[in-house]
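# Structural overview for review
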Amino acid sequence: MLQTIPADAAPETTKPPLTLRLCQPRGFCAGVDRAIQIVVLAIKKYGAPVYVRHEIVHNRYVVEGLQNLGAVFIEELDEIPREHNKSPVVFSAHGVPKSVPADATERNLFYLDATCPLVSKVHKQAIRHYRHGRHVLLIGHAGHPEVIGTMGQLPEGAVTLIETDEDVRRFVPQDPEALGFVTQTTLSVEDTAHILEALQERFPAMQAPAAESICYATTNRQEAVKETAPGVDLYLVVGAPNSSNSRRLVEVAERAGARMSLLVQRASEIPWNDVGDIKTLGLSAGASAPEIIVDEIIDAFRARFEVTVDLAITATETEDFPVMRVLRDVELTKADMAFVNGER
């Protein structure tokens, strides 16, 4: 559904007209919002520093904003100074292998697990397959923190990662009748369906998880981009290069008919010399990209074009994941989250 947002009355201008198709939903999903809130609330309750293992979400702007509040980002728990072993450490929204909380317990660290509940659901699905005697096939991208975390829920050798059609062809199971699959939550819906079709053709007895593994936010954002991309001269996706779901949106836009599709982290990355004479712009944001950057990019185009915004509403998201009980006594205000949400 397209909804035109009228521009404010303004004097005549020589700026060229531009129609901006703005996706809704876009940006933060419930899991990302919860993870950021956990870090903010931990800083308010316990004071700085609060350590965060890996980027809490894959967005440099968010990470730098949390650093300004007192978060310290690390890759491994042994980076926490001994004199700070009473400071909280937060695990990122992507999830961690079982060995990480076990290590934290051994070090007597106080940890807060910000794993997205939908990622935790995939962990449980993989464990359920394993308990039923099935070898687990994980469709995902090698090296992604979510994949590392999911594979780390089970003993070594219990999970095989499937990335490509070639992986499907090469895989030789010990028992083709005892297989189950799960997927990374942020994959391309179309690519995953293609790989699943190839797997099911080879292994018809393979068991599906009890519920869809690709999360609602990934699916909704891809559908919104798919609907708005046809005929667009330039499609911009706000997100980080290491954000899987953001990169998938760029691919979806290209496949759906956008003449050019780019991933940008800030307005300063827009290649204005390459943009050329455009009439229609598509704009979305990955699930870890803050709304304040979307506003920044719209303002950058308003400075150069006479912009008419067409709001493309393809789904309404009402999901809300509460923070853990130990942080619920701390008030979270709009001002606390203004660094990512703006002043609205």
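The structure under discussion appears in the preceding block.
Reference entry: report on the structure contained in this document.

How each quantity is defined
Residues numbered from 1 in each chain as written. Predicted model: local features only at pLDDT ≥ 70, side-chain atom pairs only at ≥ 80, totals over all residues. Heavy atoms only, no water. Salt bridge = Lys/Arg side-chain N within 4 Å of Asp/Glu carboxyl O. Helix = DSSP H or I, 4+ residues; strand = E, 2+ residues; numbered from the N terminus. Buried < 20%, exposed > 50% of the residue type's maximum accessible area, 1.4 Å probe, protein only. Pairing = 2+ DSSP bridges. Axes fitted to C-alpha atoms, helices over the stretch in contact; angles between N-to-C directions. Expected span 1.5 Å × (residues − 1). Contact = heavy atoms within 4.5 Å.

## Regarding the pattern of salt bridges
Counting across every chain of the model gives 18 salt bridges. Of the charged contacts, one joins R170 and D167 as a salt bridge, the two residues approaching to 2.7 Å between their closest N and O atoms. With R170 and D167 both in helix α6 (residues 165-170), this residue pair falls three residues apart, about one helical turn. For D167, a relative accessible area of 15% corresponds to the buried category. In this structure, D233 engages R259 in a salt bridge whose closest nitrogen and oxygen atoms are separated by 3.9 Å. You can see D233 sitting in the loop between α8 (216-228) and β10 (234-238) and its partner R259 sitting in the loop between α9 (244-256) and β11 (261-264), a full 26 residues away along the chain.

## As for the sheet that holds strand β6 (residues 110-113)
Pairing in this open sheet of four strands is parallel, and the strands run β4-β3-β5-β6 from one edge to the other. Bordering the open sheet on either side are β4 (71-74) and β6, each of which pairs with just one other strand. If you compare each strand with its neighbour and ignore which way they point, the axes differ by 30° on average. Across three bridges, strand β3 (residues 50-53) lies against strand β5 (residues 88-91) in parallel orientation. Bridging across to β5, R53 finds its partner in F91.

## Looking at helix α1 (residues 30-46)
The first and last C-alpha atoms of α1 sit 24 Å apart over 17 residues, in line with the 24 Å expected at 1.5 Å per residue. Counting buried positions over the 17 residues of α1 gives 13, a clear majority of the element. Positioned one or two residues after α1, G47 has a phi angle of 80°, which is positive.

## Notes on the pairing of strand β2 (residues 17-24)
Alignment of β2 against strand β13 (residues 306-313), held across eight bridges, turns out to be parallel. In the sheet register, Q24 faces β13, and the bridge partner there is I313. In this sheet, strand β12 (residues 280-285) lies alongside β2 in parallel orientation, the contact comprising four bridges. Bridging from a neighbouring strand, L22 pairs with L283 of β12.

## Side note on the environment of A104
With respect to the helices and strands, A104 occurs in helix α3 (residues 99-106). For the pair formed by A104 and A93, sequence separation is eleven residues and the distance between their alpha carbons is 17 Å. Apart from residues lying up to four places away in sequence, A104 is in contact with L77, F91, L109 and Y111.

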